[in-house]
Amino acid sequence: MHYDFARLSAADSYKLLTAVVVPRPIAWVATLNADGSVNLAPYSFFNLMGSDPPVVAFAPGDRADGTPKDTARNIAGPDGLGGRAAGGGEFVVNMVSEDLSAAMNLSATDFPPGIDEAGVAGLELVPGTLVGVPRVAASPVSLECREVQTLSIGRNRIVLGEVLGLHIADRLMLDTERHHVDTAALRLIGRIGGRGGYTRTGDTFELGRIGYREWLEGQE
């Protein structure tokens, strides 16, 4: 089968892409509302884009009526949304472990304005270190970020953020001096499919990188 996306609806494109681009990590994004309260929402169009400087990207879509979701509005601030060359809005990406999956899913509910998602989900928030946005205390890893740029491509809004700092539970560090993390112990989950599909990250395997010289020797 071959699908020409120019001939597909956005909904059909979404179904295909979310079924095949898997697994997708989840950015559980905390931002501050205009009144200083905290908004918390998950996004699976998310990933790490580089390390020098460290950059993450995620795509907070619009509501059904075309208005931006609270996360995008909070990061953009009073200067408006989309297409800005320079940003600066702060946010925290909390990674989602399996034991937090129910709370994360609850926070994805389309609550009306003024509802505290963290409070509804029974989550404790603790102050950030380098940003004014708090993080989810139970999250194994939280990334403190500042917006670099928000891109608008069609109906897609893509937030690029520089990672200013990282919080990680002490128990998850194998060697603090060498910055070695017990990745398997994070027990993170990811999205697989477009509706209620999730996957665990515990079933892993390793492949060593093959150098060119080693490859040549293998051809002899």
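Rules behind the numbers
Residues numbered from 1 in each chain as written. Predicted model: local features only at pLDDT ≥ 70, side-chain atom pairs only at ≥ 80, totals over all residues. Heavy atoms only, no water. Buried < 20%, exposed > 50% of the residue type's maximum accessible area, 1.4 Å probe, protein only. Helix = DSSP H or I, 4+ residues; strand = E, 2+ residues; numbered from the N terminus. Pairing = 2+ DSSP bridges. Salt bridge = Lys/Arg side-chain N within 4 Å of Asp/Glu carboxyl O. Phe/Tyr/Trp six-rings, centres within 6.5 Å; stacked < 30°, edge-to-face > 60°. Lys NZ or Arg CZ within 6 Å of the ring centre and 35° of its normal. Core = buried A, V, L, I, M, F, W, Y, C linked by side-chain atoms within 4.5 Å. Contact = heavy atoms within 4.5 Å. Patch = residues over 30% accessible without salt bridge, like charges linked within 9 Å, V, L, I, M, F, W, Y side chains within 5 Å. Areas by Shrake-Rupley, 256 points an atom, 1.4 Å probe, with all protein chains shown as cover. Axes fitted to C-alpha atoms, helices over the stretch in contact; angles between N-to-C directions.

## Description of the pairing of strand β6 (residues 90–94)
By the criterion of burial, β6 is predominantly enclosed, with four of the five residues buried. Strand direction decides the pairing type here: strand β2 (residues 27–32) and β6, joined by three bridges, are antiparallel. Residue pairing across strands places alanine 30 opposite valine 92, the latter belonging to β6. With five bridges connecting them, β6 and strand β9 (residues 141–153) associate as antiparallel partners. In the strand pairing of β9, phenylalanine 91 is matched with cysteine 145.

## Focus on the pattern of salt bridges
Evaluation of the coordinates by the stated rule reveals five salt bridges. For aspartate 12, the salt bridge identified is with lysine 15, shortest N-O distance 3.5 Å. Taken as a pair, aspartate 12 and lysine 15 lie in helix α1 (residues 10–20) at a separation of three residues, close to a single helical turn. When the shortest N-O distance is used, the salt bridge between glutamate 98 and arginine 187 registers 2.9 Å. In this pair, glutamate 98 sits in the loop between β6 and α3 (101–107) while arginine 187 sits in the loop between α5 (183–186) and β13 (189–191), placing the two residues 89 residues apart along the sequence. Judged by its relative accessible area of 22%, glutamate 98 is partly exposed.

## Points about the packing of aromatic side chains
To describe a pair of aromatic rings, one takes the distance between the centres and the angle between the planes. Applying the stated rule across the entire model yields four aromatic pairs. Plain terms: the ring middles of tyrosine 14 and phenylalanine 45 are 6.2 Å apart, the flat faces sit at 45° to each other, and that makes the pair tilted. In this pair, tyrosine 14 is assigned in helix α1 and phenylalanine 45 in the loop between β3 (38–43) and β4 (46–51), connecting sequence segments 31 residues apart. Judged by centre distance (6.0 Å) and plane angle (15°), the rings of tyrosine 212 and tryptophan 215 are stacked. In this pair, tyrosine 212 and tryptophan 215 are both assigned in helix α6 (residues 212–219), three residues apart and thus about one turn of the helix distant. The structure contains a cluster of three or more aromatic residues connected by ring pairs, namely Tyr43, Phe58 and Phe91. A cation over a ring is seen here: arginine 191 above tyrosine 198, with NZ or CZ 4.6 Å from the ring centre.

## A word on the nonpolar core
In this structure, Phe58, Phe91 and Val93 are the most contacted members of the largest nonpolar core, which totals 19 residues. Put simply, the parts of the chain that give this core at least two residues each are β2, β3, β5 (54–58), β6, β9 and β10 (156–168). The leading source of residues in this core is β9, at three residues. Residues within four places of valine 93 in sequence aside, it is in contact with Ala27, Trp28, Val29, Phe46, Val141, Ser142, Leu143 and Cys145.

## A few points about a nonpolar patch on the surface
A contiguous nonpolar patch, built from Met1, Tyr3, Phe5, Leu17, Val20 and Val21 and spanning about 660 Å² of accessible area, is present on the exposed surface. Checked against the element boundaries, valine 21 lands in the loop between α1 and β1 (24–25). When its relative accessible area of 46% is taken as the criterion, valine 21 is described as partly exposed.

## A short note on the sheet that holds β2
What holds strands together in a sheet is hydrogen bonding between their backbones, with the strands either parallel or antiparallel. Strand order in the open sheet made by the seven strands is β3-β2-β6-β9-β10-β5-β4, with antiparallel pairing throughout. Each having just a single partner strand, β3 and β4 make up the two edges of the open sheet. Across this sheet, the average inter-strand angle for adjacent strands is 35°, counted without regard to direction.

## Comments concerning unusual backbone geometry
Valine 22 connects to proline 23 through a cis peptide bond whose omega is -10°. Counting through the fold element by element, proline 23 comes out in the loop between α1 and β1. Cis geometry is adopted by the peptide bond preceding proline 53, which originates at aspartate 52 and carries an omega value of 0°. Tracing the backbone shows proline 53 in the loop between β4 and β5. Even without being a glycine, arginine 187 presents a positive backbone phi close to 55°.

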